[in-house]
Amino acid sequence: MNKQRRKRLEEASDLMNRAKDILEEVKDEEQEAYDNLPENFQNGERGEEMQGYIDAMEEAYDGLDTACSAIEQI
């Protein structure tokens, strides 16, 4: 692989790492908002929806983490 393609992969990795940081921040904020809900709301429709968002962000984070690891191996 030439220098130019390596640099582009490094840029992609940097962007994915930034996206991971953003996802983690937003997930933590959503988790805090969920934790601050009264228990009856946590167990209700709104709480379930929020938990779904948190789970989806964790899944997206894991996917980006896997992609970053793959790029590092190249």
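Described below are features of the structure shown in this document.

Criteria and thresholds
Residues numbered from 1 in each chain as written. Predicted model: local features only at pLDDT ≥ 70, side-chain atom pairs only at ≥ 80, totals over all residues. Heavy atoms only, no water. Helix = DSSP H or I, 4+ residues; strand = E, 2+ residues; numbered from the N terminus. Expected span 1.5 Å × (residues − 1). Buried < 20%, exposed > 50% of the residue type's maximum accessible area, 1.4 Å probe, protein only. Polar contact = N/O pair within 3.5 Å; in protein donor to acceptor, adjacent residues only side chain to side chain. Salt bridge = Lys/Arg side-chain N within 4 Å of Asp/Glu carboxyl O. Contact = heavy atoms within 4.5 Å. Axes fitted to C-alpha atoms, helices over the stretch in contact; angles between N-to-C directions. Parallel < 35°, antiparallel > 145°, perpendicular 65-115°, else oblique. Left-handed = near helix turned anticlockwise from the far one by under 90°. Nonpolar A, V, L, I, M, F, W, Y, C, P; charged D, E, K, R; others polar.

Quick word on helix α1 (residues 3-35)
Next, step 1: With 33 residues, α1 should reach 48 Å at 1.5 Å per residue; the first-to-last C-alpha distance of 47 Å fits that figure.
Next, step 2: Among the residues of α1, S13, M16, K20, K27, E30 and Y34 are the ones counted as buried.
Next, step 3: A side-chain oxygen of the first residue of α1 lies 3.2 Å from the backbone nitrogen of Q4; this N-cap is N2.

Points about the pattern of salt bridges
Next, step 1: Evaluation of the coordinates by the stated rule reveals three salt bridges.
Next, step 2: One salt bridge connects K27 with D28, and the closest N-O pair in it is separated by 3.3 Å.
Next, step 3: Under the relative-accessibility criterion, D28 is labelled partly exposed at 40%.
Next, step 4: With its nearest N and O atoms 2.8 Å apart, the salt bridge here joins R46 to E49. In this pair, R46 and E49 are both assigned in helix α3 (residues 45-73), three residues apart and thus about one turn of the helix distant.
Next, step 5: According to the relative accessible area criterion, R46 is partly exposed, its value standing at 43%.

A short note on the side chain of K20
Next, step 1: Note on placement: K20 falls in helix α1.
Next, step 2: Not counting residues up to four positions away in its chain, the partners in contact with K20 are Y61, L64, D65 and C68.

Quick look at the environment of N17
Next, step 1: Residue position: N17 is located in helix α1.
Next, step 2: Each C-alpha atom of the pair N17 and K27 lies 15 Å from the other, and the pair is ten residues apart in sequence.

Details of the packing of α1 against α3
Next, step 1: Between α1 and α3, the shortest axis-to-axis distance is 9 Å and the interhelical angle comes to 160°. Between α1 and α3, the interaxial angle falls into the category roughly antiparallel. Handedness of the crossing formed by α1 with α3: left-handed.
Next, step 2: Residue classes in the contact of α1 with α3 are distributed as 18 nonpolar, five polar and six charged.

Nothing here speaks to function; it is all geometry.
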